[in-house]
Amino acid sequence: MLVISHFIHIQLFVFSDCSIDESSCPGSLGYILNREVCFCYKVYTTKQNYDSSVKICENDNGELARISNALRQQALENALDGISSYAEAYIQGTRTAGSTTWYYNDGTEVTYFNWNTPGGQPQHRDDGEDYLLVRKTKGYRWHDVYKAEQHIVVCEIE
Ligand SMILES: [Ca+2]
């Protein structure tokens, strides 16, 4: 019984925190509402490098997926589940060479990570490995990578 009430509490917290509805998502652009994490997202399957990925999302008045907690990580995984088995996508977060601190595009420090630590990530190579990628084949865990790689794009609009 304790477990059940705890579950209900979490569900209520999640849903009551969302003030947007379907009409807030620009359906004309193909954005879908994920109510659990309260954001609209869209997957572009044409592969792009990092800079182009950021621009595509900005063109929609959105931003590259910002994975700030485990719920959003799960939402991203759900979004990529239906894509090819090699689905990989850049997510928000960059750093400068020599630093191990990562920042979202608005300058806020990244505090939630889902590194592929069994795969030796992050490597923090100081030759441009300053961008974040999720790899479906690695359980959607995070990798620090270079900006010139071509990947599918996940945008979000809050
Ligand atoms: Ca790496």
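- The name an unreviewed UniProt entry gives the chain is C-type lectin domain-containing protein, with Pinctada imbricata as the organism.

1. Some thoughts on the pairing of strand E5 (residues 131-135)
Okay, step 1: Most of E5 is tucked away: five of the five residues are buried.
Okay, step 2: Across the two faces of E5 the burial is the same, with Tyr131, Leu133 and Arg135 and Leu132 and Val134 all buried.
Okay, step 3: Two elements, strand E4 (residues 88-94) and E5, share five bridges in a ladder whose sense is antiparallel. Counterpart to Ile91 in the pairing with E5 is Leu132.
Okay, step 4: The sheet contact formed by E5 and strand E6 (residues 141-145) spans five bridges and is antiparallel. By the bridge assignment for E6, Leu132 is matched with Asp144.

2. Brief notes about the confidence of the model for the chain
Okay, step 1: Looking at the chain, the pLDDT average stands at 89 and 89% of residues meet or exceed 70.
Okay, step 2: Within the model, pLDDT remains below 50 along residues 7-16, and this stretch shows two contacts once partners closer than five positions in the same chain are excluded.

3. What about the environment of Asn49?
Okay, step 1: By the secondary structure assignment, Asn49 is in the loop between strand E2 (39-48) and helix H2 (50-59).
Okay, step 2: Along the sequence, Asn49 and Tyr146 sit 97 residues apart, while their C-alpha atoms lie 9.1 Å from each other.
Okay, step 3: Residue contacts for Asn49: discarding those within four places in its chain leaves Lys147, Ala148, Glu149 and Gln150.

4. Regarding the environment of Ser99
Okay, step 1: Among the structural elements, Ser99 can be located in the loop between E4 and E5.
Okay, step 2: Between the alpha carbons of Ser99 and His124 there is a distance of 8.0 Å; along the sequence they are 25 residues apart.

5. Regarding helix H3 (residues 70-81)
Given 3.6 residues per turn, any residue in an α-helix points the same way as the ones three and four places further on.
Okay, step 1: Compared with an ideal rise of 1.5 Å per residue, which puts twelve residues at 16 Å, H3 spans 16 Å between its outermost C-alpha atoms and is within 8% of the ideal.
Okay, step 2: Residues of H3 that are buried: Arg72, Gln73, Ala75, Leu76 and Leu80. Angularly, the buried residues of H3 cover 160° about the axis, an arc narrow enough to put them on a single face. When the buried face of H3 is taken as reference, the exposed residues oriented beyond 90 degrees from it are Ala70 and Asp81.
Okay, step 3: Of the surrounding elements, those touching the buried residues of H3 are strand E1 (32-34), E4, E5 and strand E7 (151-157).

6. Quick word on the nonpolar core
Okay, step 1: In terms of nonpolar packing, the biggest core is built from 28 residues, with Ala65, Leu76, Ala89, Tyr90, Ile91 and Leu133 touching the most fellow members.
Okay, step 2: Elements with a contribution of two residues or more to this core: E2, H2, H3, E4, E5, E6 and E7.
Okay, step 3: Setting aside residues no more than four positions away along its own chain, Ile91 makes contact with Leu64, Ala65, Ile67, Leu132 and Val134.

Rules used throughout
Residues numbered from 1 in each chain as written. Predicted model: local features only at pLDDT ≥ 70, side-chain atom pairs only at ≥ 80, totals over all residues. Buried ≥ 20, exposed ≤ 12 C-beta atoms within 10 Å, placed from the backbone. Helix = DSSP H or I, 4+ residues; strand = E, 2+ residues; numbered from the N terminus. Pairing = 2+ DSSP bridges. pLDDT = per-residue confidence, 0-100. Contact = placed C-beta atoms within 7 Å. Expected span 1.5 Å × (residues − 1). Arc of directions from axis to C-beta. Core = buried A, V, L, I, M, F, W, Y, C linked by C-beta atoms within 7 Å.

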